[in-house]
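# What the coordinates show
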Amino acid sequence: DSIKLLYNKADSIVAVSNSIKIDLINNFGLDPNKIKVIYNPYDIEKIKELTQEKVEREYLEVFNNPTIITAGRLSKQKGHWHLIRSFKKIKEEVPEAKLIILGQGELEDYLKQLTVDLLLEKDVYFLGFQKNPFKYIAKSTVFAFPSLYEGFPNALCEAMACGIPVISADCK
């Protein structure tokens, strides 16, 4: 309730997408005329430059295979366990496939154990937080985005800027 009160006292509010604007109107009762939508900027040229950085030698071999990559906090919202379970089915059709998960978070141990339980630990790479995720994304075959919900999916837009196909969950 304090957020609703504070928002309504503001002269103007910036939302990063139309869906967030609608959420603010529907769930907080905000005046639509006070809300401006300004999408997050993406420095496409900088992203393209960062894709050219060399990948560490220990991971180079991974990209010789069909590679699925995702990036995001390892939390419930991001739905990584769905991707790992789906990857198990992909391995049945494409045995040489690899999965790279960029990010860290509270579900890391659970997700790593899930790969062990599904006998995938040799084909799933948890690379943690990466200052430059673009060098990995650009070398992958496809970017998977299994989020259950998002405000505005920056990682999805950045993956598209890397020039690879994107598969996304239909999340609000």
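First things first, this report covers the structure right here in the doc. Given the structure is predicted, the values throughout are model-derived calculations rather than measurements.

Check the secondary structure of the protein and you find eight helices and seven strands. If you line up the protein on its principal axes, its C-alpha atoms span 55 × 35 × 25 Å. Going through the 172 residues of the protein one by one, you find that 41% of them count as buried. Contacts in the protein between residues at least 24 apart in sequence constitute 67% of all its contacts with a sequence separation of at least 6. Accessible surface, the protein: about 10,400 Å² in total, of which carbon and sulfur atoms supply 53%. Charged side chains in the protein number 23 positive and 23 negative. The centres of these two groups are separated by 2 Å.

What is expected of a backbone is that most residues other than glycine have negative phi and most peptide bonds are trans. You will see that Leu-119, though not glycine, has its phi angle at about 60 degrees, which is positive. Relative to the elements of secondary structure, Leu-119 occurs in the loop between α6 (108-117) and β5 (124-128).

Another aspect to go through is the pairing of strand β3 (residues 67-71). The element β3 is largely enclosed, with a buried count of five among its five residues. Going residue by residue along β3, you find Thr-67, Ile-69 and Ala-71 tucked away on one face and Ile-68 and Thr-70 tucked away on the opposite face as well. In this structure, β3 lies alongside strand β4 (residues 98-102), joined through five bridges in parallel fashion. Residue pairing for β4: Thr-70 is matched across the bridge by Ile-101. Handedness of the crossover joining β3 and β4 through helix α5 (residues 80-93): right-handed.

Turning next to the pattern of salt bridges. Under the counting rule described, the total for this entry stands at seven salt bridges. A salt bridge links Lys-135 to Glu-56, with the shortest nitrogen-to-oxygen separation between them at 3.3 Å. Linking Lys-135 in helix α7 (residues 134-137) with Glu-56 in the loop between α3 (44-50) and α4 (57-60), this pair joins segments that are 79 residues apart in sequence. Judged by its relative accessible area of 7%, Lys-135 falls in the buried class. Lys-98 is paired through a salt bridge with Asp-123; the nearest N and O atoms lie 2.6 Å apart. Taken together, the positions of Lys-98 in strand β4 and Asp-123 in the loop between α6 and β5 put the pair 25 residues apart, joining distant regions of the chain. One continuous salt-bridge network, built from bridges that share partners, spans Glu-53, Glu-56 and Lys-135.

A few words now on the nonpolar core. Among the nonpolar cores identified, the biggest contains 21 residues, and Ile-69, Ile-100, Leu-102, Tyr-136, Ile-137 and Phe-143 are the most heavily contacted of them. Beyond its immediate stretch of four places on either side in the chain, Ile-69 contacts Ile-100, Leu-102, Tyr-136, Ile-137, Ser-140, Val-142, Phe-143, Ala-144 and Ile-164. Judged by nonpolar contacts, the second largest core, of 18 residues, contains Trp-81, Phe-87, Ile-101 and Val-142.

For the rest of this paragraph, the subject is the sheet that holds strand β6 (residues 142-145). Pairing is parallel in the open sheet, where five strands are placed in the order β5-β4-β3-β6-β7. Edge positions in the open sheet fall to β5 and β7 (166-168), since each of these has one partner strand only. Averaged over neighbouring strand pairs, the angle between their axes works out to 25 degrees when direction is ignored. Relative to β6, β3 is paired through two bridges, and the arrangement is parallel. Paired with Ile-68 across the strands is Val-142, a residue of β6. Contacting β3, β4, β5 and β6, α5 runs over the sheet at an angle of about 170 degrees to β4.

In this section: α6. Leu-111, Leu-114 and Thr-115 are the residues of α6 that are buried. In an axial view of α6, the angular spread of the buried residues amounts to 100 degrees, which keeps them on one side of the axis. What points out from α6, more than 90 degrees from its buried face, is the exposed set Asp-109 and Asp-117. Contacts from the buried residues of α6 go to α5 and β5. One or two residues past the end of α6 sits Leu-119, with phi positive at roughly 60 degrees.

Reading guide: rules and limits
Residues numbered from 1 in each chain as written. Predicted model: local features only at pLDDT ≥ 70, side-chain atom pairs only at ≥ 80, totals over all residues. Heavy atoms only, no water. Helix = DSSP H or I, 4+ residues; strand = E, 2+ residues; numbered from the N terminus. Buried < 20%, exposed > 50% of the residue type's maximum accessible area, 1.4 Å probe, protein only. Contact = heavy atoms within 4.5 Å. Areas by Shrake-Rupley, 256 points an atom, 1.4 Å probe, with all protein chains shown as cover. Lys, Arg positive; Asp, Glu negative; His and termini not counted. Charge placed at Lys NZ, Arg CZ, Asp CG, Glu CD. Pairing = 2+ DSSP bridges. Right-handed = clockwise from strand over helix to strand, strands pointing away. Salt bridge = Lys/Arg side-chain N within 4 Å of Asp/Glu carboxyl O. Core = buried A, V, L, I, M, F, W, Y, C linked by side-chain atoms within 4.5 Å. Axes fitted to C-alpha atoms, helices over the stretch in contact; angles between N-to-C directions. Arc of directions from axis to C-beta.

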